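So you can see what is in the structure, the chains are spelled out below.
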Amino acid sequence: MDRGGSLDETQLDPDTFAHVALELIALRVACQRPLPADLAALAELCVRAEAEHPDLVGMLSHVGARGQTALSMLDDVERLVSELGAAAAAEEVLSAAGRRGWSGGPIETPAEICDLILRLANAMLGDFTKLAVADLAAGPGKMLTAMMAASRPREIRCAEADPVAARWLRLRSFCHGHQMVTVLTDGQDTVSLSGSDLVFVDPPFQPGEQEHHEEHPLSWASRVVECLSDEGIGFAVVPEWTLTRTGTSHRLPVTWVREQLVRRGCVRAIIQLPRHIHRFIGGTDLVLLMLAPDEGDRTRDVVICDADQVRSRYGGSWIEQTTRLVCGSRESREAEPCTAIPVSELMGRRSLLPSHLLAPKAAPEDHVVEAVRARESAAATFKMGAADAITTLDRIGVTTRAQGIAYRTIGELLRGRQLVRLPGHRIPDADLGRSGQRVLGREELLGEVPVGERRIDVLTLGQYTAAAITEPGDVVVMAGDQLRVMVDAIGGSVLLTPVQGLRIPGYVKHSSLYRDEPQQAWIGPHALAALLGAARNAARTGPRVRSVTLHHLEIPVLTAVDYGHLDQASMMLNDLAEQARNQAAALDLVRQRIAAGVADGAMNLRFKPNTSNTNS
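Residues numbered from 1 in each chain as written. Predicted model: local features only at pLDDT ≥ 70, side-chain atom pairs only at ≥ 80, totals over all residues. Heavy atoms only, no water.

(A) Local environment of the overall build of the protein chain. Each helix and strand in the protein chain was counted, giving 22 helices and 19 strands. The 616 residues of the protein chain split such that 46% are buried. Pairs at least 24 residues apart make up 72% of the contacts formed inside the protein chain by residues separated by at least 6 positions. Counting every atom, the protein chain has about 31300 Å² of accessible surface; 51% of that belongs to carbon and sulfur. (Helix = DSSP H or I, 4+ residues; strand = E, 2+ residues; numbered from the N terminus. Buried < 20%, exposed > 50% of the residue type's maximum accessible area, 1.4 Å probe, protein only. Contact = heavy atoms within 4.5 Å. Areas by Shrake-Rupley, 256 points an atom, 1.4 Å probe, with all protein chains shown as cover.)

Structure, rendered in structure tokens:
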């Protein structure tokens, strides 16, 4: 716990730590004054608090059973409550317990899902203070306390079958100042929760897929609908597989429930949540269903939103953007991974996943136009014929070198100021986007991400004053297990560790401020990159050998003429290689456009009579 001092260093097991600390905070809320540092007085205070506050009856047993432990934590708890307030202190305690393995952590609803639900509910229902709220599987109370922090509903009712989680829920709610929370111990009893204005459920996760079971995750969505008032809104977090399973010889229980929810107009929105949003549920991605009362309305549309695509497009603001798309107008969803589909069109679909339903569809004429344009672009890349490429290759001659050769390491060249090292900088992925200055990191040099796709906003870059920015002709290197080298021909790139840069003094002419700069570069960037990436250095890196650092890479000592010839040859070959890559990419695009048009039934292929392909 960052502000908890010695509380974060306690030797108690996480659950006991959470129990004792929460009980002390709840007792502090009940007494409204600092707690006494005396066992007898503390025990008497517990009895009085339980007598005056029915919500605390039986909730303070750990303080009584572990009196010395409670006394040792008093000062830290008091400091937390004084600095943060009781509600924030309780959340800080549970956060510290979660970092140490608190058993309530894996069953808590992730904070991002809580935030999304609250924003959607606020956009649909407005002020929470007039609402009756219900949670059908409250767990330790993350969702409810997040709502309490935002606003205080008129009434809170919840169900939680696990008595330990229910205990944490009661204490947590009391610390937040909401002392009239109704907690049912039967997690499946929804009769007394009916008539609620806002209902949500994040049911207990069960590994595996229970499509053949009568009790499955969509059963909880049905209970949410049963609990809603006439104007209410519900939310259910379910695994993706519940929206894709279909029966073969007979209808599966999960398929039947899904069809009934859609057919009766109970589904208002299907939001595919970002991948791996729940760090404790490996291998299972989640969907958020926005639900409506069962009124049999089959005329309304269902909003389909792929929040995973929204996060890829908008980054850290994906929750606000998802709320805007789901609750906004049809016009606001144009060119976005979100649309509205009539209920009639969803019936009979084998999958209701947004990523499946939002597959792009173009008009037939668009398919034809795109295929023709791709073909013309591909033809344009072949303006330089094979004969021209052969002529270029024939110009590059090789001869045997008679005399021996010496080598110098990059470290020696750096110390001699013949090269300048540009260090890579650590910038969190959250600060990277798709606009601003481009970045060069491990992913770019390994070819995992196209160069220029990842960028950093100029204002954000201003926070990292030590970040190195390349100039045209700087050589970008990633040493270590996988040696990669490239020339940044245009400059203006931000280097991300473990990538580093090498600048050749004199290659780019600066103002008179650089009076000690040489008038001419001693080696060209393409020659330097070629020598650094040569097999001699590449063989010294890799998983089976002890990797060398940038300072230990070697280049041969050559004459200026030899360096110039190598630089020119490397540049010419790089141009040919880039042209070949462009030609291959253009041909692949033609294939994709033709396949897309034929697959969507928009066009047919016909070969001209003079084509060499006779197998049409």
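Back to the write-up after that little detour.
(B) A look at the sheet that holds strand E11 (residues 420–422). The sheet built from four strands is open, its strands ordered E11-E18-E15-E16 with antiparallel pairing. Whereas interior strands pair on both sides, the edge strands pair on one side only; in this sheet they are E11 and strand E16 (484–488). Averaged over all pairs of adjacent strands, the angle between strand axes in this sheet comes to 25 degrees, irrespective of strand direction. Bridging between E11 and strand E18 (residues 500–503) involves three bridges; their strand directions are antiparallel. Across the sheet, the residue bridging to Arg-421 is Leu-502, located in E18. (Pairing = 2+ DSSP bridges. Axes fitted to C-alpha atoms, helices over the stretch in contact; angles between N-to-C directions.)

(C) Broad picture of the sheet that holds strand E17 (residues 494–495). The strand order E12-E14-E13-E17 describes an open sheet built from four strands, whose pairing is mixed. In this open sheet, the two edge strands, each paired with only one partner strand, are strand E12 (432–433) and E17. Here two bridges tie strand E13 (residues 437–440) to E17, and the two strands are oriented parallel to one another. Bridge assignment links Leu-440 to a residue of E17, and that residue is Leu-495.

(D) How the structure looks around the pattern of salt bridges. This model, assessed by the stated rule, comprises 29 salt bridges. Here Glu-320 ties to Arg-119 by a salt bridge, and the two come within 3.7 Å at their closest N and O atoms. Separated by 201 residues along the polypeptide, Glu-320 in helix H12 (residues 318–327) and Arg-119 in helix H6 (residues 111–125) bring together distant segments of the chain. By relative accessible area, which is 36% here, Glu-320 ends up partly exposed. Of the charged contacts in the structure, one is a salt bridge between Asp-308 and Arg-275, with a shortest N-O distance of 3.8 Å. Note that Asp-308 is positioned in helix H11 (residues 307–314) and Arg-275 in the loop between strand E6 (267–272) and strand E7 (286–291), a separation of 33 residues in sequence. For Asp-308, a relative accessible area of 14% corresponds to the buried category. One continuous salt-bridge network, built from bridges that share partners, spans Arg-154, Glu-155, Arg-157 and Asp-197. (Salt bridge = Lys/Arg side-chain N within 4 Å of Asp/Glu carboxyl O.)

(E) The packing of aromatic side chains, seen in detail. Per the counting criterion, the structure on display carries two aromatic pairs. Between Trp-522 and Tyr-563 the ring centres are 5.7 Å apart and the planes differ by 80 degrees, which places this aromatic pair in the edge-to-face class. One end of the pair, Trp-522, is in the loop between E18 and helix H20 (525–532); the other, Tyr-563, is in helix H22 (residues 560–599), with 41 residues separating them in the sequence. The exposure class assigned to Tyr-563 is buried, which follows from its relative accessible area of 6%. One cation-aromatic arrangement involves Arg-223 over Trp-220; the distance from NZ or CZ to the ring centre is 4.8 Å. (Phe/Tyr/Trp six-rings, centres within 6.5 Å; stacked < 30°, edge-to-face > 60°. Lys NZ or Arg CZ within 6 Å of the ring centre and 35° of its normal.)

(F) The arrangement of the nonpolar core in detail. Leu-144, Phe-200, Phe-235, Ile-271 and Leu-288 are the most contacted members of the largest nonpolar core, which totals 41 residues. Filtering out sequence-adjacent residues up to four positions away, Phe-235 remains in contact with Ile-117, Leu-120, Ala-121, Leu-198, Val-199, Phe-200, Val-201, Val-224, Leu-288, Leu-289 and Met-290. Core analysis: the second largest hydrophobic core is formed by 40 residues, Ile-25, Cys-31, Ala-86 and Val-93 among them. (Core = buried A, V, L, I, M, F, W, Y, C linked by side-chain atoms within 4.5 Å.)

(G) Just helix H5 (residues 86–99), in detail. Compared with an ideal rise of 1.5 Å per residue, which puts 14 residues at 20 Å, H5 spans 20 Å between its outermost C-alpha atoms and is within 8% of the ideal. Taken residue by residue, H5 has Ala-86, Ala-89, Ala-90, Glu-92, Val-93, Leu-94, Ala-96 and Ala-97 as its buried positions. The inward-facing, buried residues of H5 contact helix H1 (14–31), helix H4 (67–84) and helix H8 (163–175). Just downstream of H5, Gly-101 is the residue with a positive phi angle, here 100 degrees. (Expected span 1.5 Å × (residues − 1).)

(H) The arrangement of the packing of H4 against H5 in detail. Where H4 meets H5, the closest approach of the two axes is 7 Å, and the angle between their N-to-C directions is 125 degrees. Taken together, the axis directions place H4 and H5 in an arrangement best described as oblique. Crossing hand, H4 versus H5: right-handed. Residue-level inspection shows Leu-80, Val-81 and Leu-84 of H4 in contact with H5, the latter providing Ala-86, Ala-88, Ala-89, Glu-92 and Val-93. Residue composition of the contact of H4 with H5, grouped by class: seven nonpolar, no polar and one charged. (Parallel < 35°, antiparallel > 145°, perpendicular 65-115°, else oblique. Left-handed = near helix turned anticlockwise from the far one by under 90°. Nonpolar A, V, L, I, M, F, W, Y, C, P; charged D, E, K, R; others polar.)

(I) A look at helix H10 (residues 253–263). Every buried residue of H10 is listed here: Pro-253, Val-254, Thr-255, Val-257, Arg-258, Leu-261 and Val-262. Here the buried face of H10 lies against helix H9 (217–227), E6 and helix H13 (343–346). The positive-phi residue at the C-terminal boundary of H10 is Gly-265, with phi of around 70 degrees.

(J) Here's a closer look at the side chain of Thr-470. With respect to the element layout, Thr-470 can be found in the loop between helix H19 (458–461) and strand E15 (474–478). The contacts of Thr-470, once residues within four sequence positions are left out, are Asp-488, Gly-491, Gly-492, Ser-493, Leu-495 and Arg-503.

(K) Highlighting the packing of H6 against H12. Interaxial distance between H6 and H12 falls to 10 Å at its minimum, and their mutual angle equals 35 degrees. For H6 against H12, the interelement crossing comes out right-handed. Of H12, the residues touching H6 (which contributes Glu-112, Asp-115, Leu-116, Arg-119, Leu-120, Ala-123 and Met-124) are Trp-318, Ile-319, Glu-320, Thr-322, Thr-323, Val-326 and Cys-327. By residue class, the composition of the contact of H6 with H12 is eight nonpolar, two polar and four charged.

(L) Molecular detail of unusual backbone geometry. Residues Thr-497 and Pro-498 are joined by a peptide bond in cis, for which omega reads 10 degrees. Looking at the secondary structure, you find Pro-498 in the loop between E17 and E18. With a phi close to 55 degrees, His-276 is a non-glycine residue in the positive phi region. The exposure class of His-276 is exposed, given its relative accessible area of 63%. Here Arg-417, not a glycine, exhibits a phi torsion of approximately 60 degrees, which is positive. By secondary structure assignment, the location of Arg-417 is in the loop between helix H17 (410–415) and E11.

Treat this as a map of the structure, not an account of what it does.
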